[in-house]
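# Commentary on secondary and tertiary structure
Listed below are the residues making up each chain.
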Amino acid sequence: MDSFQYRNGQLFAEDVSVADLAEEYGTPLYVYSRTHLIEQYNTLVAAMADVEPVVCFSVKSNTCAAVINTLAGLGSGADVVSGGELFRALRAGIPASKIAFAGVGKTRDEIRYALEEDILFFTVESEPEVERINECAVELGLKGRIAVRVNPDVDPKTHKYTSTGKKENKFGVDLSRARAACERAAALPAVDMVGIHMHLGSPLMDVSPYVEALEKVKDFCLEMKAKHATFRYIDIGGGLGIKYRESDEPFTPAQFADAVLPHLKEMGLQVVMEPGRFIAGNSGILVTRVQYVKDNAFKRFLIVDAAMNDLLRPPLYEAYHEILPVTETSETFFGDVVGPICESGDFMARDRDLPTASEGDLLAVCSAGAYAFAMSSNYNSRPRAAEVMVSGDRHQAVRERESRDDLVRGENIPEW
Ligand SMILES: Cc1ncc(COP(=O)(O)O)c(C=O)c1O
């Protein structure tokens, strides 16, 4: 969270006072640091320089056009999981030649769109999907590139909802079936079988699952490479953890590189990576204003103007987000920070020491740059928050706050 620091007791985003941003743009408000995005991207690329990876920013983590465009400017590609994300990535300036398309349920329409745009490759998640991509490519008179997503059955030691590389998960093809899937793909007329893909889960705080997975797939990759001239990519997915709380000690890019590079070099394939959270997670905060301080017989609640429709991670993943007072204070209370939504699951912090605050005070929910606005909704008919990007002393709204009219856009009441 280096881009968010106190200066004379006031929280700043780079060189801009967070209180000033709240005044100008209102709350709840997402604030992103452009400098943080750039530093994270560059640090990762530098650590992995020996294999010159294609870094495909995982657009699902942050769909903001200004964020994607910042990364496009650094040479980033994109990992997308829907036609909508493909559209966003292209619109924000990512070249199609650097876009990988994942996801277990690609529709024919999405596949045709991606084929027509000539993306880098599809990461295919099942045998029927290989057939479908081939059929679509035949119809269009095009050729699709595919990387088979292998499920290496490795425990990423993360929340059960964000674990994706274990055998019971819906993702990828079991390693035992991957050979048959790759051979079948290689035999089809309208697809080139160009590599394999893995994504173990997220966030990973330890490098050992990556190493275990690479050890599991290495021989298979070398075999495919020897057999098929088209086979040239190993996509190692994303999942690199970040610091959510003071005590978190995620591995550094250098430690990651030390662990995985020997295996990757042995394979001699073009490396593709799909980080999302590592780049964007700590680039953002969610600024919210206290509406009420409510005490009941058991504890104190700060009721704020942000809610689970703005930030779903605490109820969905039992995720921890640091909460900072925008005006520094060392006083704390024990209790909850909650939103106004009619659900007991509508909380940002629960049963912990929190900064003391009064009605009208501003709080910053930290590590809100990934899987935050991107997962927001209109639940309880709440317009989505605005997003602002800061760079040094400059700031700009990069997504306007939704209006009440936005809430009902496209709705019709039948005349009958
Ligand atoms: C296929 C794939 N790649 C990359 C990512 C990005 O993960 P992270 O943001 O943790 O790096 C995800 C996250 O779900 C994913 O499913």
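Thresholds applied
- Residue indices begin from 1 for each chain and proceed along its sequence in written order.
- Local features are withheld for residues below a pLDDT of 70 in this predicted model, meaning they are given only at 70 or higher, and side-chain atom pairs are given and counted only at 80 or more; totals for whole chains, interfaces and linings count all residues.
- Hydrogens and water are ignored here; the side-chain numbers use all heavy atoms of the structure.
- For the purposes of this entry, the term helix denotes a DSSP run of H or I that reaches at least four residues, the term strand denotes a run of E that reaches at least two, and both are numbered from the N terminus.
- Note that the radius of gyration is over C-alpha atoms, with the globule rule given as 2.2 Å times the number of residues to the power 0.38.
- Only protein chains enter the calculation, and the probe is 1.4 Å; a residue is then buried if its accessible area is under 20% of its type maximum, exposed if over 50%, and partly exposed in between.
- We call two residues in contact whenever any of their non-hydrogen atoms come within 4.5 Å of each other.
- Each accessible area value is a Shrake-Rupley result obtained with a 1.4 Å probe; residue values ignore everything except the protein chains displayed when judging cover.
- Charge assignment: positive for Lys and Arg, negative for Asp and Glu; neither His nor the chain ends contribute.
- A charge is said to be at NZ when it belongs to Lys, at CZ for Arg, at CG for Asp and at CD for Glu.
- Residue ranges for the domains trace back to a domain assignment, done automatically or taken from a database.
- When two components associate, each loses some accessible surface as probed by a 1.4 Å sphere; the sum of these losses over both components is called the buried area.
- N or O atoms closer than or at 3.5 Å make up a polar contact, with two conditions inside protein: a donor-capable atom paired with an acceptor-capable one, and, for residues adjacent in sequence, both atoms drawn from side chains.
- The set of buried Ala, Val, Leu, Ile, Met, Phe, Trp, Tyr and Cys residues whose side-chain atoms join them within 4.5 Å is what this entry labels a nonpolar core.
- Directions from the helix axis toward the C-beta atoms define the arc.
- Take a side-chain nitrogen of Lys or Arg and a carboxyl oxygen of Asp or Glu: if they are within 4 Å of each other, that pair is a salt bridge.

Further remarks concern the overall build of the chain. The secondary structure content of the chain amounts to 12 helices and 21 strands. Taking 416 residues into account, the globule formula puts the C-alpha radius of gyration at 22 Å, and the chain, at 22 Å, falls close to it. Within the span of the chain, comprising 416 residues, buried residues form 55% of the whole. Long-range contacts, defined here as pairs at least 24 residues apart, represent 70% of the contacts in the chain between residues at least 6 apart. For the chain, the accessible surface area stands at approximately 17,900 Å², while carbon and sulfur atoms represent 47% of it. For the chain, the distance from the average site of its 44 positive side-chain charges to the average site of its 62 negative ones is 4 Å.

Before going further, it helps to examine the domain arrangement of the chain. Once the domains are mapped, the chain shows domain 1 (4–32 + 281–408) and domain 2 (35–280). Between the C-alpha centres of domain 1 and domain 2 there is a distance of 31 Å. On the side of domain 2, 24 residues touch domain 1, which itself brings 22 residues to the contact. Of the roughly 1,900 Å² buried between domain 1 and domain 2 on both sides combined, carbon and sulfur atoms contribute 54%. At the junction of domain 1 with domain 2, the criterion picks out seven residue pairs in polar contact (both at pLDDT 80 or more). Listed by contribution, the elements that provide at least two residues to the side of domain 1 that touches domain 2 are helix 11 (313–317) and strand 20 (386–391). The biggest single contributor to the side of domain 1 that touches domain 2 is helix 11, with three residues.

Membership of the largest hydrophobic core comes to 102 residues, with the highest contact counts inside it found for Phe122, Ile146, Ile234 and Phe256. Ranked by residue count, the leading element in this core is helix 8 (residues 208–227), at eight residues. Taken together, domain 1 (4–32 + 281–408) and domain 2 (35–280) each give at least three residues to this core, which thus spans both. Aside from chain neighbours lying at most four places away, what touches Phe256 is Met48, Val207, Tyr210, Ile236, Leu240, Phe251 and Met273.

Here helix 5 (residues 108–117) has its buried residues at Glu110, Ile111, Ala114 and Leu115. Here the buried residues of helix 5 occupy an arc of 135 degrees about the axis, which is enough to place them on one side. Opposite the buried face of helix 5, at more than 90 degrees from it, the exposed residues are Asp109 and Glu116. Looking at the packing, one finds that the buried side of helix 5 touches helix 4 (83–91), strand 7 (99–101), strand 8 (121–124), helix 6 (127–140) and strand 9 (144–151). Following helix 5 by one or two positions, Asp118 has its phi on the positive side, about 60 degrees.

Under the criterion given, the structure shown has 21 salt bridges. In this structure, Lys106 and Glu129 form a salt bridge, with 2.5 Å as the shortest nitrogen-oxygen distance. Here Lys106 is found in the loop between strand 7 and helix 5, whereas its partner Glu129 is found in helix 6, with 23 residues between them in sequence. The class for Glu129 is buried, based on a relative accessible area of 5%. A salt bridge links Lys227 to Glu183; its shortest N-O distance comes to 2.7 Å. With Lys227 in helix 8 and Glu183 in helix 7 (residues 175–187), this pair connects stretches of sequence that are 44 residues apart.

With that settled, consider the environment of Ser82. Mapped onto the fold, Ser82 is located in the loop between strand 6 (77–80) and helix 4. Once the C-alpha coordinates of Ser82 and Tyr233 are considered, the two residues, 151 residues apart in sequence, prove to be 21 Å apart. If near-sequence neighbours (up to four positions away) are discounted, Ser82 is found in contact with Phe101 and Glu110. Separated by 3.0 Å, the side chain of Ser82 and the backbone nitrogen of Glu85 make a polar contact.

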